[in-house]
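Chains, contacts and geometry: an overview
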Amino acid sequence: MKEFNRTQRVGEQIQRELADIIRREINRPGLGMITVSAVSVSPDLKYARVYVTVLGNNEGVEQTVQHLNNMTRRLRHYLSQRLTTRTTPSLQFVYDSSIEYGNSLSALIDSLQTNGEKR
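In short, a report on the structure. Source: prediction; values computed, not measured. (Residues numbered from 1 in each chain as written. Predicted model: local features only at pLDDT ≥ 70, side-chain atom pairs only at ≥ 80, totals over all residues. Heavy atoms only, no water.)

**Observations regarding the overall build of the chain**
A count of helices and strands for the chain gives four helices and three strands. Shown N-terminal to C-terminal, the secondary structure of the chain runs as helices and strands in the order α-β-β-α-α-β-α. Out of the 119 residues in the chain, the part that is buried amounts to 32%. For the chain, restricting intrachain contacts to residue pairs at least 6 apart in sequence, the fraction spanning at least 24 positions comes to 62%. Carbon and sulfur atoms make up 49% of the accessible area of the chain, which totals about 8,100 Å². (Helix = DSSP H or I, 4+ residues; strand = E, 2+ residues; numbered from the N terminus. Buried < 20%, exposed > 50% of the residue type's maximum accessible area, 1.4 Å probe, protein only. Contact = heavy atoms within 4.5 Å. Areas by Shrake-Rupley, 256 points an atom, 1.4 Å probe, with all protein chains shown as cover.)

What follows is the structure in structure tokens.
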């Protein structure tokens, strides 16, 4: 149980720090607003899967995630300067589609309510 709490705390710290690092260090036009929605850290703290959402980008979501994955060495370097852990986990960026899914469900519910009122 204690290990889970530690991985969760480290994941939350990585999420906060990466959000700040991405906001400050990535200045590529066309990427849009990148939000770090969650971080899942392995129990041994060697690997971290970073879930991101992308809003208002001119490039595709896949290209944005690919760009982040190409920058993992640089982002990991910045992260290592901010973390107090002995090692800094390897990063893997993944698109988080849960917000899109939630919006589509909300729109579906709204359309059902509108159709119900017309009857």
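**Structural notes on the layout of surface pockets**
Looking at the largest pocket, its volume works out to about 160 Å³. In this structure, the largest pocket is lined by Ala19, Asp20, Ile22, Arg23, Ile26, Arg28, Leu31, Gly32, Met33, Ile34, Thr35 and Val36. Elements represented by at least two residues in the lining of the largest pocket include exactly helix 1 (2–25) and strand 1 (33–41). Its residues assigned to classes, the lining of the largest pocket comprises seven nonpolar, two polar and three charged. (1 Å grid on protein atoms, 1.4 Å probe; cavity = no way out; pocket = protein on both sides within 12 Å on 5 of 7 lines; lining within 4 Å. Points joined across faces, edges and corners; volume = space filled by probe spheres on them. Nonpolar A, V, L, I, M, F, W, Y, C, P; charged D, E, K, R; others polar.)

**Remarks on unusual backbone geometry**
Phi angles above zero are rare outside glycine, and leucine 45 is one such case at about 60 degrees. Here leucine 45 lies in the loop between strand 1 and strand 2 (47–55). Judged by relative accessible area, leucine 45 falls into the buried class, the value being 8%.

**Describing the side chain of glutamate 17**
Positionally, glutamate 17 belongs in helix 1. A distance of 3.0 Å separates polar atoms of two side chains, one belonging to glutamate 17 and the other to arginine 82. Apart from residues no more than four positions distant in its own chain, glutamate 17 is found in contact with Leu79 and Arg82. (Polar contact = N/O pair within 3.5 Å; in protein donor to acceptor, adjacent residues only side chain to side chain.)

**Focus on the environment of glycine 60**
With respect to the helices and strands, glycine 60 occurs in the loop between strand 2 and helix 2 (61–70). A relative accessible area of 25% means that glycine 60 is categorised as partly exposed.

**Observations concerning the environment of glutamine 66**
Along the chain, glutamine 66 turns up in helix 2. The partly exposed category is assigned to glutamine 66, whose relative accessible area is 44%.

**Concerning the pattern of salt bridges**
With the rule as written, the count across this model stands at four salt bridges. Residues arginine 23 and aspartate 20 are paired through a salt bridge, measuring 2.6 Å at the closest nitrogen-oxygen approach. One end of the pair, arginine 23, and the other, aspartate 20, are both in helix 1, three residues apart, so they sit about a helical turn from each other. Residue class for aspartate 20 comes out buried when judged on its relative accessible area of 16%. The network of salt bridges with shared partners includes Glu17, Asp20, Arg23, Arg24 and Arg82. (Salt bridge = Lys/Arg side-chain N within 4 Å of Asp/Glu carboxyl O.)

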